[in-house]
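As a plain string of letters, each chain reads:
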Amino acid sequence: MNPTTNPPLDPSLIGTANRVAALIPAEQAFARKRITVPIHCAALVTGDSAARLIRAGEEIPREGVRELLLFATGPMRLTARIESLAASDGWECQADIELEAAIIAEKPELLALRRAAFSAPGYLTSDQIVTCVRQLLLSAVGNFARKSAAADLVRADAGSAAAETVLSVLQPELFAIGISLIRVARIEFRSPAFQADQRDRQRDTQLKRHAETDAQIRESLTAVRRKQIAGVEELLQRLAALSRENPGMPMPDLVKMFDADQRGDLYRGLLATQPATRTASILAVAGQDLLWFAPDRPNEPIRRVALPPEAGPLRSVRMACTNGAKTLLVGAARGVHRVSPSGEVLSTFTFDPPRPVRGGVNAATIIADRLFATHSEVGLIAWSLAADDKFEFTLPGETANARTIRDIQADPDGRLWFAVADSVLAWNPTDGSPPIRRRLPGTVECLTLTESFVVAGLDDGRVLHWSRIAPDRGEARTLRPPTGDAVHSLGVLAASGVPRILIADGRPMVDLVVIDDAHRIEFRAPEAVRWAWVAEDVIVAANERRDRLFLWPIAAPDEPAASFPVGRLTGHTLQDAAVLAATSTTIA
């Protein structure tokens, strides 16, 4: 133990700020003419004659005294936290320990304390005593934890059983240095990861119970709803007839030939039709891992790949198409990993940032033989697919000093689209033309493309859209007015020929909105939703805490049918996700 020295050593400070004793040289102790032992202390005086023990209230004589060991006579509280303990079932735990001890007021034990604790004058604190026995504590509670499952450790009575072990191990060690271990006042085991897992399991059980109840209710209502379903079927038949009579007319225009109530039924009916593609897997980025989940197996990933650390922590995942084949682009702090749908790391494209970065590549895409990525702290980065170590910061004049640069994507005409602060840029990197910039009335938080439209979500909740074919013409139209809540993500569903936009903005739901019509469907979640993704058969969303994903079948919006506990499975927050279909129907 190494006592702390804060000259001058003051006897009145014993018992304050965890100071339990002090070794004071005579010349300092007797700076005043006389010294009396404080009421809560005792002193061991050594000098020319044998050591003497002087009690509280007694005066210490000056003659022949070399030094005095002043100590608190009452119980002291020793506290420690031991972390990284392993339970028998592998869960990591920690133990908070509180001991009650006292310095033994006998000359042999006080001399032992003097030898063990003081190499020089100074104060001795309770924290230093804990440091002295920390390894023994770690060994004692570690052995106890290894014999117990996490569920048993976190129970309220586990501490009393562990206390016996700690007492038997520490008592002899502390006695040898002049300290009596009176009792183990408290040992409390905690396992944040295990306890979070238990909460997740309880929540999953509740979700499953709600889903089972809902299924029973739906079955009971089937007979009552037959007439309504028949009505929708009739509307769909009329729609099919109109399509035959008006070949080439877009589906949205055909639906608008019906009145408002009928359109709502038609939109719901079209959404419930058999999807052209099925979701093969749901991708999640967390920590340094890329995970694949099957839609019907939420509790464990079907595949998990740890990506190389050379590009830094992972940040995003996007899909692109190269030579007709799908590829995954996983953004990281300082680059992009190109990964096959089966999990093989094909290449890693890195760049050297001009300054340290906190975030990472938020989106990436491929056009022809080049990879492009957006990074809000760096700008627009480009690589040749043939040279993953050669990069360039492109369009610096368009991105300089912008707070956000995000959501790059490519359209079928060879143009790149991305958001820069309050603008959306369209740029063809192959024809030498300058970018087309459209300024919007707020920061662009997210961006997506449909076959015909560009859609932007703003920081005030507005969702705007305009022509993708002629990006510099016409006004941006309002798909949703301001709400006060920033739009965090947008998705596109073009199933059955009706473009719909999926909107997530921090509420406990996501909206699926038909472009240029008033119809929307709410997919309700048990908690606030941050991001969402859509496929022809499912909608997937991440909660605001970014520790789980929810899944709804596209025709069942009332509550999630499944919950994927990404945080529990990885120990990290979710950074991004994507839906991987068996065959792609979206713009790369």
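What comes next is a walk through the structure. (Residues numbered from 1 in each chain as written. Predicted model: local features only at pLDDT ≥ 70, side-chain atom pairs only at ≥ 80, totals over all residues. Heavy atoms only, no water.)

## Regarding the overall build of the chain
Right, on to step 1. A count of helical and extended segments in the chain gives 10 helices and 36 strands.
Right, on to step 2. Here the chain has a C-alpha radius of gyration of 35 Å; the compact-globule value for 588 residues is 25 Å, and the former is much larger.
Right, on to step 3. Overall size of the chain, expressed as C-alpha extent along the three principal axes, is 120 × 65 × 40 Å.
Right, on to step 4. Within the chain, buried positions represent 51% of all 588 residues.
Right, on to step 5. The contacts of the chain with a sequence gap of at least 6 include a subset with a gap of at least 24, amounting to 55%.
Right, on to step 6. Here the chain holds 67 positive side-chain charges and 71 negative ones, and the gap between their average locations is 3 Å. (Helix = DSSP H or I, 4+ residues; strand = E, 2+ residues; numbered from the N terminus. Rg over C-alpha atoms; globule rule 2.2 N^0.38 Å. Buried < 20%, exposed > 50% of the residue type's maximum accessible area, 1.4 Å probe, protein only. Contact = heavy atoms within 4.5 Å. Lys, Arg positive; Asp, Glu negative; His and termini not counted. Charge placed at Lys NZ, Arg CZ, Asp CG, Glu CD.)

## Concerning the sheet that holds strand S25 (residues 453-458)
Within a sheet, each strand pairs with its neighbour through backbone hydrogen bonds, oriented either parallel or antiparallel.
Right, on to step 1. As summarised here, the arrangement of the 4 strands in space is S24-S25-S26-S27, forming an open sheet in which the pairing is antiparallel. Edge positions in the sheet fall to strand S24 (444-449) and strand S27 (477-480), since each of these pairs with one other strand and no more. This sheet shows a mean twist of 30° between the axes of neighbouring strands, independent of strand direction.
Right, on to step 2. Where strand S26 (residues 463-467) and S27 come together, 3 bridges link them in antiparallel fashion. Its bridge partner lying in S27, Leu464 is registered against Thr478. (Pairing = 2+ DSSP bridges. Axes fitted to C-alpha atoms, helices over the stretch in contact; angles between N-to-C directions.)

## Remarks on the side chain of Arg500
Right, on to step 1. Take Arg500: it is sitting in strand S29 (residues 500-504).
Right, on to step 2. One buried charged residue, Arg500, remains without a salt bridge, the closest side chain of opposite sign being Asp517 at 9.4 Å.
Right, on to step 3. A distance of 2.9 Å separates a polar atom in the side chain of Arg500 from the backbone oxygen of Tyr267.
Right, on to step 4. Those residues in contact with Arg500 that sit more than four places away from it in its chain are Tyr267, Leu270, Leu271, Gly491, Val492, Leu493, Ala495, Leu512, Val513 and Val514. (Salt bridge = Lys/Arg side-chain N within 4 Å of Asp/Glu carboxyl O. Polar contact = N/O pair within 3.5 Å; in protein donor to acceptor, adjacent residues only side chain to side chain.)

## Here we look at helix H8 (residues 260-271)
Right, on to step 1. The first and last C-alpha atoms of H8 sit 17 Å apart over 12 residues, in line with the 16 Å expected at 1.5 Å per residue.
Right, on to step 2. Listed in full, the buried residues belonging to H8 are Arg263, Gly264, Leu266, Tyr267, Gly269, Leu270 and Leu271.
Right, on to step 3. Between a side-chain oxygen at the N-terminus of H8 and the backbone nitrogen of Asp261 the separation is 3.3 Å; the capping residue is Asp259. (Expected span 1.5 Å × (residues − 1).)

## Let's talk about the sheet that holds strand S6 (residues 92-103)
Right, on to step 1. Taken in spatial order, the 3 strands of this open sheet run S5-S6-S8, and their pairing is antiparallel. In the strand order of this sheet, the two ends are held by strand S5 (76-86) and strand S8 (179-190), each with one partner. Here the strands of the sheet are splayed against their neighbours by 20° on average, with no regard to which way each runs.
Right, on to step 2. In the sheet, S6 pairs with S8 via 10 bridges, with the strands oriented antiparallel. Looking at S8, one finds that Glu98 is bridged to Arg186.
Right, on to step 3. Its contacts with the sheet place helix H3 (residues 126-146) against S5, S6 and S8, and it is angled at close to 40° to S5.

## Thoughts on helix H5 (residues 158-176)
Right, on to step 1. Across its 19 residues, H5 extends 28 Å between first and last C-alpha, which sits within 8% of the 27 Å expected from 1.5 Å per residue.
Right, on to step 2. Roughly 35° is the biggest bend found in H5, and it falls at Leu170, with proline Pro172 one to four residues downstream.
Right, on to step 3. Where H5 is concerned, the buried positions are Ala158, Gly159, Ala162, Ala163, Val166, Leu170 and Leu174.
Right, on to step 4. In the core, the buried residues of H5 are packed alongside S6, H3, helix H4 (150-153) and S8.
Right, on to step 5. Just beyond H5, the residue with positive phi is Gly178, at close to 85°. (Bend = angle between axes of the 7 residues up to and from the residue.)

## Focus: the nonpolar core
Right, on to step 1. Of all hydrophobic cores here, the largest spans 48 residues; its most connected members are Val166 and Phe189.
Right, on to step 2. Those residues in contact with Val166 that sit more than four places away from it in its chain are Leu99, Leu137, Ala140, Val141, Val184 and Ile187.
Right, on to step 3. With 20 residues, the next largest nonpolar core counts Ile282, Phe293, Leu551 and Leu569 among its residues. (Core = buried A, V, L, I, M, F, W, Y, C linked by side-chain atoms within 4.5 Å.)

## Examining the side chain of Ser148
Right, on to step 1. Note on placement: Ser148 falls in the loop between H3 and H4.
Right, on to step 2. Of note is the side chain of Ser148, whose polar atom sits 3.3 Å from the backbone oxygen of Phe144.
Right, on to step 3. Setting aside chain neighbours within four positions, we find Ser148 in contact with Ala87, Ser88 and Leu153.

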